[in-house]
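# Residue-level structure breakdown
The residues making up each chain are set out below.
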Amino acid sequence: QVQLVESGGGLVPAGGSLRLSCAASGQTFRINAMGWFRQAPGKERDFIAHISWRDSSTYYTDSVKGRFTISRDIARNTVYLQMYSLKPEDTAVYYCAVRGGSGQYDFWGQGTQVTVSS
């Protein structure tokens, strides 16, 4: 099993910046890629970005391109999401997840709240 703990969420004014962290522990050898998702109240959970664990290749959904950056620190088994130019519509609970060899996101963190005031 892989355990994931997100941190770094909080209340931020529109236009502000925030960096989220997600630390993995346990069977970290299972990590093929890690991704970030978010879910606003009453809405479905949406994909934000992912990063391949070994080659660091990345992919972003259109709504965050140019504003968010995903990165990882292999030595610390940690993935980050640096967010700039935050908008009220970015308000959500942010989750990180591990994608293993199956191609599915098998393990999820508990989430961290990000609130952007207008």
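These figures come from a predicted structure and were not determined experimentally. Numbering of residues starts from 1 in every chain and runs along the sequence as written. Residue-level local features of this predicted model are given only where pLDDT is at least 70; pairs of side-chain atoms are given and counted only at 80 or more, and the full residue set underlies all totals for whole chains, interfaces and linings. To get the side-chain values, all heavy atoms of the structure are used, and hydrogens and water are removed first.

Turning our eyes to something else, we now look at the pattern of salt bridges. Whenever Lys or Arg places a side-chain nitrogen within 4 Å of a carboxyl oxygen from Asp or Glu, that contact is recorded as a salt bridge. As enumerated under the stated definition, the model contains 4 salt bridges in all. Residue R38 is joined to D90 by a salt bridge in which the shortest nitrogen-to-oxygen separation is 2.9 Å. Remark: D90 occurs in the loop between β8 (78-83) and β9 (92-99) and R38 occurs in strand β4 (residues 33-39); sequence separation between them is 52 residues. By the burial criterion, R38 is buried, and D90 matches it. Of the charged contacts, one joins R76 and D73 as a salt bridge, the two residues approaching to 3.8 Å between their closest N and O atoms. By relative accessible area, R76 is classed as exposed at 60%. Exposure classes here rest on a 1.4 Å probe applied to the protein chains alone. A residue is buried below 20% of its type maximum, exposed above 50%, and partly exposed in between. Overall, D73 belongs to the partly exposed group, its relative accessible area being 24%. Where salt bridges share partners, they join R38, R67 and D90 into one cluster. For helices the rule is a DSSP run of H or I covering at least 4 residues; for strands it is a run of E covering at least 2, with both sets numbered from the N terminus onward.

The next thing to look at is the pairing of strand β11 (residues 112-117). Residues T112, V114 and V116 point to one face of β11 and are all buried, whereas Q113, T115 and S117, pointing to the other face, are not buried. Pairing of strand β2 (residues 10-13) with β11 involves 4 bridges; the strand directions are parallel. In the sheet register, V12 faces β11, and the bridge partner there is V116. At least two bridges found by DSSP between two strands are what make those strands a pair. Strand direction decides the pairing type here: β9 and β11, joined by 3 bridges, are antiparallel. Its bridge partner lying in β11, V93 is registered against Q113.

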